[in-house]
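# Understanding the architecture of this molecule
Below are the chains, spelled out letter by letter.
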Amino acid sequence: MKYKCVNELDKFMFQDAEVKKMEFNPGLMTMVLLGVAARHNNPSNDTLADRYLDDTEIRFKSPVITRFLLEGAKYYDANNVLQREVPDQDIPEDQFKEIFQKMQEDGKVFVVTPKPAKNGGECCCEIAVDVEEDTYWVEVEFEKAVVEWEHFLNKVQA
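Before going into details, it helps to say that this report is about the structure given with it. (Residues numbered from 1 in each chain as written. Predicted model: local features only at pLDDT ≥ 70, side-chain atom pairs only at ≥ 80, totals over all residues. Heavy atoms only, no water.)

### As for the side chain of Asn42
Stated formally: The helix count covers DSSP runs of H or I at least four residues long, the strand count covers runs of E at least two residues long, and both are numbered beginning at the N terminus. Definition of a polar contact: a pair of N or O atoms within 3.5 Å, with one able to donate and the other able to accept a hydrogen when the atoms are protein atoms, and with sequence-neighbouring residues admitted only if both atoms are side-chain atoms. Residues count as neighbours in contact if any of their non-hydrogen atoms are within 4.5 Å of one another.
Counting through the fold element by element, Asn42 comes out in the loop between strand S5 (37-38) and strand S6 (51-53). Engagement of the side chain of Asn42 in a polar contact is seen with the backbone oxygen of Lys11, the distance being 3.4 Å. Filtering out sequence-adjacent residues up to four positions away, Asn42 remains in contact with Cys5, Lys11, Phe12 and Trp149.

### What to know about the nonpolar core
What counts is decided by this rule: By convention a nonpolar core is built from buried Ala, Val, Leu, Ile, Met, Phe, Trp, Tyr and Cys residues, the set being connected through side-chain atoms within 4.5 Å. The classification of residues rests on relative accessible area computed with a 1.4 Å probe and restricted to protein chains. Under 20% of the type maximum is buried, over 50% is exposed, and intermediate values are partly exposed.
Of all hydrophobic cores here, the largest spans 38 residues; its most connected members are Leu9, Phe60, Phe68, Met103 and Ile127. Element by element, the count of residues in this core is highest for strand S13 (residues 123-131), at five residues. Those residues in contact with Met103 that lie beyond four places of it in its chain are Val19, Met22, Phe68, Val129, Val131, Tyr136 and Val138.

### Brief notes about the pairing of S13
Note on strand geometry: in a regular strand, side chains alternate between the two faces of the sheet. Short version of the rule: Strand pairing is assigned whenever DSSP identifies at least 2 bridges connecting the two strands.
A large share of S13 lies buried, amounting to eight of its nine residues. Of the strand pairs in this sheet, S13 and strand S14 (residues 134-142) are connected by nine bridges, and their pairing is antiparallel. When the bridges of S14 are listed, Ile127 appears paired with Val138.

### Points about the sheet that holds strand S16 (residues 152-155)
What the four strands build is an open sheet, ordered S2-S5-S6-S16; its pairing is antiparallel. At either end of the open sheet lies a strand with only one pairing partner, and these are strand S2 (12-13) and S16. Bridge analysis of S2 against S5 gives two bridges, and the strand direction is antiparallel. Residue pairing across strands places Phe12 opposite Ala38, the latter belonging to S5.

### Some points on the pattern of salt bridges
Two side chains that carry opposite charge are able to pair once their charged atoms sit near each other. As a reminder of what qualifies: A pair is scored as a salt bridge if a Lys or Arg side-chain nitrogen falls within 4 Å of a carboxyl oxygen belonging to Asp or Glu.
Enumeration over the complete set of coordinates arrives at eight salt bridges. For Asp55, the salt bridge goes to Lys20, with nearest N and O atoms at 2.9 Å. Taken as a pair, Asp55 in the loop between S6 and strand S7 (56-61) and Lys20 in strand S3 (residues 18-25) lie far apart in primary sequence, 35 residues in all. Owing to a relative accessible area of 31%, Asp55 belongs among the partly exposed residues under this scheme. Salt-bridge contacts for Lys115 lead to Glu139; the nearest nitrogen and oxygen are separated by 2.7 Å. Of this pair, Lys115 sits in strand S12 (residues 107-115) while Glu139 is found in strand S14, placing the two residues 24 residues apart along the sequence. Classification of Glu139 by relative accessible area gives buried; the value is 10%. Through salt bridges with shared partners, one network takes in Arg67, Lys115, Glu126 and Glu139.

Structure representation (structure tokens):
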């Protein structure tokens, strides 16, 4: 890969990026996304404008998933009266691979948000991926995040 950023997830825009690959293995979590944009303040972006990237690979070194859940929902009628509520559902570890496969087949990233690590990891981020009508939230602590891509594409339109 031609361009590389380490531990600078806040220098990218991930919203609506298509998930092409998502894998979790001991020692490494990998995501390949299409539709990521480098922000104007990204150290590799010399144009001072937000720019889309081609296929973008994100590798989390020494990942530990600290939280993985299917977001709940509230259902209202036409009069805005709550009809039913579905709570968040924790995803058990034995289903991680199956859910990651589901995200890979039809997932769109909602957010990738860096946050402080609480459980001993050096870094942490929260990833939300929409799959059809469901939203999955993954909180992962890691040693470092490496983002790599080959080419800059068009500028992001406001």
